[in-house]
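A look at the structure
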Amino acid sequence: MSTQVANNSLGRRALQKLLRQKLTVICFVVIIIYLSIALLGALNLLPDFQARVGESYEPPSLSIAKIFGTDIFGRSVLFKLLAGTKTAISIGFLVTSIAVPIGITLGSLAGYYGGKIDGFVVWLFSVIVSVPYLLMVIAISYVLGKGMLSMCIAMGSIGWVGLCRLIRAEFLKHKEREYVLAARLLGANDYNLIFKQILPNVLHLAIITASLQVLGAIKSEVILTYLGVGVQDGSSWGSMISDATGELVNGHWWPLAGVVITMFFIIYALNVVGDALRDALDPKLVD
Amino acid sequence: MSALKKTLLLSSLTALIALGLSCKPTPKTEDSVTDSKGITSKKMVFNYLRGTAHKSLDPMKQFDSASADLVANIYDRLFEYHYLKRPYELSPVLLSEMPTLSEDGLTYNFTLKKGVRFIDDPCFKGGKGRELVTDDIIYSIKRFADSNVNMLSYMLVEGSIVGLDEFHAETKKLGKETNYAKLPVAGLKKIDDQKFSITLTRKNPLALLPFAATQISIVAKEAVDKYIEDFERHPVGTGPFYIKEYSRRGVMVLAKNPNYHGTYPAEGDSGDKESGLLADAGKKIPFIDEIHLPLIEEPQPAMLKFQKGQIDWIGLDKDNFNKMAYKDEQGFHLNETYSKKFDMYAEMGLVMEYLVFNMKDPLLGKNKALRQAIAYALDTKGYIEKMRNGRGEPLKSITPIPIAGSQAQTETDYYSYNKEMALKKLAEAGYPNGEGLPEIVIEYRSANSATRQDFEFLRNQLSTVGITLKPGFQTFSAFLTKIESGNFQMATAGWAADYPDAENFYQLLYGPNSSPGPNHSAWANAEYDKLYKDSKYLPNGPERYAIFAKMHKILQDEVPVIITWNPIYFGLFQKWVGNMKRNMMQDAPFKYLKIDTAGKKKGV
């Protein structure tokens, strides 16, 4: 009970701390804007990026559709960026929603029970991290078949390792603490100890990791699509960067500029928010 | 000494060492050569590049162009396609003259050129390369037909030489126990050390063409026996160059074979003399002392190196074409800035691009009107203009335009963009305005930017008549697996001539050639197959062209494939490169090229 109170208090204080930082608030707003675009995309409310709005490779102009110019087929680069935002954000959140529960569950079980369970989990993540991340994702994507969903499953099934190690280490520390021993003496079972006593005290790590996971997944999608194993159909920032390799030679800089600007804001915002969350939620750093 | 001074001293020392290391001169190769007469001259180095790493330098095991380009310069074949003459015709390489044909038209008699020697190598007695003899030819043909060695290209001679198919089958049975000495081939006969004959199963005007393929290069048994598995990295040939430095993913260096037997062609096409291409007629080749071949996989770094003069010859890709060249009514030209520095060629490829329908697909295979609708909905001309900068010609027959038997001779016609007809055919197919038509998946062999853009163009085209396309971007191996297993609806495809004859293209739809053969559509038409067999062994001429026209009509009506376009290939070369004439059957004709070393030094 006392732990819950402490947590609520920590959460409140963290929120207050976050709201005091102007940059963090702005970055929150940026993330919300991107999320809204993704949501509009999911509801099919974004403009059709396949529609022709002008001539081939028109440079940026003041019309909304042409603010980032047009591509080879005369399609709006802005509309492609918006469609790409939907793709990137969807992947970011889908991957996180796969990786975080796996990381938390395996980390908690390994840290709490130790022994053979711990041995197995450590072996499992050691094997996974021994293969370079992108190679592993590409290999799994090939097995599952190309496409957005298989890419998300591939990234999610590898992305839990970092969080799992953190949670396991925290559980190893916490399971010997007085409040856990006290709860055990009072008759709490393993489920209660893991999920109601220890986990709430290490959950801030999961929140921080999740924010960075979204960022990592977005970057990975861009890289994988650039390499040709990511998004197959539809708009993606990765495919736009890939197209730009040839476009730049001919002086068509605006599609790449559009992607770079769009990516910059979301990556910067997620980084700032991730850092701010770490500072705000780390009990050692709380005032 | 204070900590600050110590740090500064340490930093300065580190910087000096780094500076010293960075200023270390790069390994310098000798820049002059002395010939057998003791005359010293400037070394002629030709700088080219490899866009992909080769797979194998064992002639019989390779089937990729990166390997073939190297093999063609290290080994010799019996024939090659004449460097200057067009249309492409065979000319002897290891033979003293073209073979003679017996009266019955079944046996070719060959005489080897005298004085042809393998390059010096420890595999030979005393390390000295020995003279080429008939046994080497028979051994090499047998090795080519050995199914334990060559798993890729035997079809080039399949069914054409007496006893060779039986030999091929026997090697499959015997495996590692295969002993060529115990397996004679009736159609390969040694007459003496210089003479041999090849007997054909039937009269065949195309029978000699496979002997110009790099897969039937002539190898020495001693080298194969000595190097075994390493033979593909240790080539020993009679070719114009040998490998001086082997580096699959680095810089491969080829050096001149000082004892090479070849000479520059004495004859050429009309206009070759005027353009200086016959100035070296009859002279001993190669002229170049060394060829440096770094592996540069990306086009942009390669083009930057070319512009700096570090590469002597380069293909001109689509993006750089936009920047450096243009097309007008007179043809293709380099922009003024570049035309002062470089020369350009534009040569129509012996390549046919097409789209394949899987005739076993329940939707497309059974609906001829739907396939015709798609053919009408494609704007190939627009595609060439928009996506390929006009660097190609729409095809009206399955044969590329430079090959005899193409649209120039058959005077055939083909589908061109016609929205009304496309809609009419769609309605006939049971899908008026595309209503009720499911998505059609089209397979591509890569997922690069150009491929994606090609797909976008196609999707836009077909969407105008209500046909929805979905892409399947595959890796090359996944693409092949899908196509060969018949697990696809539609696929993009291209075919480059194995030899410059129309038969090589019409066989793509011959029924028995279904996957794993090249007929991936799995289309079979008895009338077409009969006409194909009738045309196969006929010499080029009105009779053969008339059969081609009939076959084309069947293809046009049935549409198992949509024939699209014939690409034109572009390249740039430095002004100091001499004897350059693009030969589409010889991608790396280094032995004929030369460098004006003085001009290169001056940069002109």
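Predicted, not measured: the structure shown is a model, and the values here were computed from it. (Residues numbered from 1 in each chain as written. Chains lettered and ligands numbered in written order. Predicted model: local features only at pLDDT ≥ 70, side-chain atom pairs only at ≥ 80, totals over all residues. Heavy atoms only, no water.)

**Digging into the overall build of chain A**
- Within chain A one finds 11 helices and zero strands.
- If one aligns the C-alpha atoms of chain A with their principal axes, the spans along those axes are about 75 × 45 × 30 Å.
- Considering chain A as a whole, with its 287 residues, one finds that 51% of them fall into the buried category.
- Split by element, the accessible area of chain A, about 13600 Å² in all, is 69% carbon and sulfur.
- Taken as two groups, the 22 positive and 17 negative side-chain charges of chain A have centres that lie 7 Å from each other. (Helix = DSSP H or I, 4+ residues; strand = E, 2+ residues; numbered from the N terminus. Buried < 20%, exposed > 50% of the residue type's maximum accessible area, 1.4 Å probe, protein only. Areas by Shrake-Rupley, 256 points an atom, 1.4 Å probe, with all protein chains shown as cover. Lys, Arg positive; Asp, Glu negative; His and termini not counted. Charge placed at Lys NZ, Arg CZ, Asp CG, Glu CD.)

**Some details on the overall build of chain B**
- Of regular secondary structure, chain B possesses 18 helices and 24 strands.
- A compact globule built from 604 residues should have a C-alpha radius of gyration of about 25 Å, and chain B, at 27 Å, falls within 12% of that.
- Seen through its principal axes, chain B has C-alpha atoms that stretch 85 × 80 × 55 Å.
- Every one of the 604 residues in chain B was classed for burial, and the buried ones make up 54%.
- By element, 53% of the accessible surface of chain B is carried by carbon and sulfur atoms, the whole surface being about 27500 Å².
- Here chain B contributes 78 positive and 74 negative side-chain charges, whose respective centroids are spaced 5 Å apart. (Rg over C-alpha atoms; globule rule 2.2 N^0.38 Å.)

**Points about the interface of chain B and chain A**
- Across the boundary between the two partners, chain B contributes 23 residues, which contact 20 residues of chain A.
- Where chain B abuts chain A, roughly 1700 Å² becomes buried across the two surfaces, and 46% of that area is made up of carbon and sulfur atoms.
- Of all residues in chain B, B:K386, B:R452 and B:Q453 give up the largest surface area on contact with chain A, accounting jointly for 29% of the area buried on that side.
- Here chain B and chain A share one salt bridge between them.
- A:R75 is the salt-bridge partner of B:E456, the closest N and O atoms lying 3.1 Å from each other.
- Run the count over chain B and chain A and you get seven residue pairs in polar contact (both at pLDDT 80 or more).
- Those elements giving two or more residues to the side of chain B that touches chain A turn out to be α7 (318-324), α10 (380-387), α13 (449-463) and β20 (469-473) of chain B.
- Within the side of chain B that touches chain A, the residues separate by chemical class into six nonpolar, nine polar and eight charged. (Contact = heavy atoms within 4.5 Å. Buried area = accessible area lost by both parts, 1.4 Å probe. Salt bridge = Lys/Arg side-chain N within 4 Å of Asp/Glu carboxyl O. Polar contact = N/O pair within 3.5 Å; in protein donor to acceptor, adjacent residues only side chain to side chain. Nonpolar A, V, L, I, M, F, W, Y, C, P; charged D, E, K, R; others polar.)

**Some details on the sheet that holds strand β11 (residues 251-256) of chain B**
Residue and element names in this part refer to chain B.
- Within the open sheet, the four strands sit side by side as β3-β12-β11-β10. Their pairing is mixed. The open sheet has two edge strands, β3 (45-47) and β10 (241-245), and neither has a second partner. Averaged over all adjacent pairs, the angle separating strand axes in this sheet is 25°, with direction ignored.
- Here β10 runs beside β11; their pairing, made up of four bridges, is antiparallel. Residue F241 lies in a different strand from β11, and its bridge partner there is K256. (Pairing = 2+ DSSP bridges. Axes fitted to C-alpha atoms, helices over the stretch in contact; angles between N-to-C directions.)

**Thoughts on the side chain of B:R371**
- Tracing the backbone shows B:R371 in helix α9 (residues 368-377).
- Excluding residues that lie within four positions of it along the chain, B:R371 makes contacts with B:F357, B:M359, B:L364, B:G365, B:K366, B:E558, B:V559, B:P560 and B:I562.

**Here's the deal with the sheet that holds strand β9 (residues 195-199) of chain B**
All names here are of chain B.
- An order of β6-β7-β9-β8 is seen for the four strands of this open sheet, with the pairing classed as antiparallel. Two strands bound the open sheet, and with one partner strand each, they are β6 (100-101) and β8 (188-190).
- As paired strands, strand β7 (residues 107-111) and β9 are joined by five bridges and run antiparallel to one another. In the sheet register, N109 faces β9, and the bridge partner there is S197.
- Along the sheet, helix α3 (residues 134-145) contacts β8 and β9; its crossing angle with β8, the most-contacted strand, is approximately 160°.

**Describing the packing of aromatic side chains**
Residue and element names in this part refer to chain A.
- The final tally for this structure, using the stated rule, is 37 aromatic pairs over all chains.
- When the centroid spacing of 5.6 Å and the interplanar angle of 15° are considered together, the rings of F264 and Y268 count as stacked. On the criterion of helical spacing, the pair formed by F264 and Y268 is a turn pair, its members being four residues apart in helix α11 (residues 254-281).
- A residue is classified by how much of its surface remains accessible, and F264, at 47% relative accessible area, is partly exposed. (Phe/Tyr/Trp six-rings, centres within 6.5 Å; stacked < 30°, edge-to-face > 60°.)

**Description of the nonpolar core**
- One finds B:F46, B:L164 and B:F590 to be the most contacted residues of the largest nonpolar core, which totals 176 residues.
- Mapping this core onto the domain boundaries places at least three of its residues in each of domain 1 (53-256) and domain 2 (351-567) of chain B.
- Of all hydrophobic cores here, the second largest spans 47 residues; its members include A:F49, A:Y57, A:V214 and A:W237. (Core = buried A, V, L, I, M, F, W, Y, C linked by side-chain atoms within 4.5 Å. Domains from an automatic or database assignment.)

**So, the side chain of B:N367**
All names here are of chain B.
- Within the secondary structure layout, N367 lies in the loop between β17 (351-357) and α9.
- The buried category is assigned to N367, whose relative accessible area is 14%.
- Not counting the four nearest positions on each side in its chain, N367 is found in contact with A429 and Y431.

**Considering the pairing of β11(B)**
All names here are of chain B.
- Hairpin connection from β10 to β11: five residues lie between these consecutive antiparallel strands.
- Two elements, β11 and strand β12 (residues 290-294), share five bridges in a ladder whose sense is antiparallel. From the neighbouring strand, M252 faces β12, where its bridge partner is L293.

**Section: the domain arrangement of chain B**
Residue and element names in this part refer to chain B.
- Per the domain assignment, the segments making up chain B are domain 1 (53-256) and domain 2 (351-567).
- For domain 1 and domain 2, the distance between their C-alpha centroids amounts to 34 Å.
- Summed over both partners, the interface of domain 1 with domain 2 buries about 860 Å², with 75% contributed by carbon and sulfur atoms.
- Inspection of the domain 1/domain 2 interface yields zero salt bridges.
- For the pair domain 1 and domain 2, the number of links is zero residue pairs in polar contact (both at pLDDT 80 or more).
- Split by residue class, the side of domain 1 that touches domain 2 holds six nonpolar, one polar and two charged.

**A short note on the environment of B:Q461**
Residue and element names in this part refer to chain B.
- Mapped onto the fold, Q461 is located in helix α13.
- Taking relative accessible area as the criterion, Q461 reaches 12% and is therefore assigned buried.
- Spatially, the C-alpha atom of Q461 lies 9.5 Å from that of Y383, the residues being 78 residues apart in sequence.
- Among all residues touching Q461, those that are not within four sequence positions of it are A377, L378, D379 and Y417.

**What to know about the environment of A:I207**
Residues and elements named next belong to chain A.
- By the secondary structure assignment, I207 is in helix α9 (residues 190-227).
- Residue class for I207 comes out partly exposed when judged on its relative accessible area of 40%.
- Sequence-wise, I207 and N189 are 18 residues apart; in three dimensions their C-alpha atoms are separated by 26 Å.
- Beyond its immediate stretch of four places on either side in the chain, I207 contacts L277 and L281.

**Side note on the confidence of the model for chain B**
All names here are of chain B.
- Model confidence for chain B is summarised by a mean pLDDT of 91, while 93% of its residues fall at 70 or above.
- Ranking the helices and strands of chain B by mean pLDDT puts β7 first, with 98, and helix α1 (residues 3-23) last, with 53.
- Confidence drops under a pLDDT of 50 for residues 18-29, and excluding neighbours within four residues, the segment shows one contact in the predicted structure.
- At the level of chain-chain contacts, confidence expressed as ipTM amounts to 0.74, with global pTM at 0.78. (pLDDT = per-residue confidence, 0-100.)

**Quick word on the packing of helix α3 (residues 77-113) of chain A against helix α10 (residues 237-247) of chain A**
All names here are of chain A.
- Interhelical geometry of α3 versus α10 gives an angle of 135° and a closest axis separation of 8 Å. Taken together, the axes of α3 and α10 are oblique relative to one another. Residue-level contacts link V77, K80, L81, G84, T85 and A88 of α3 to W237, M240 and D243 of α10.
- The residue inventory of the contact of α3 with α10, partitioned by class, reads five nonpolar, two polar and two charged. (Parallel < 35°, antiparallel > 145°, perpendicular 65-115°, else oblique.)

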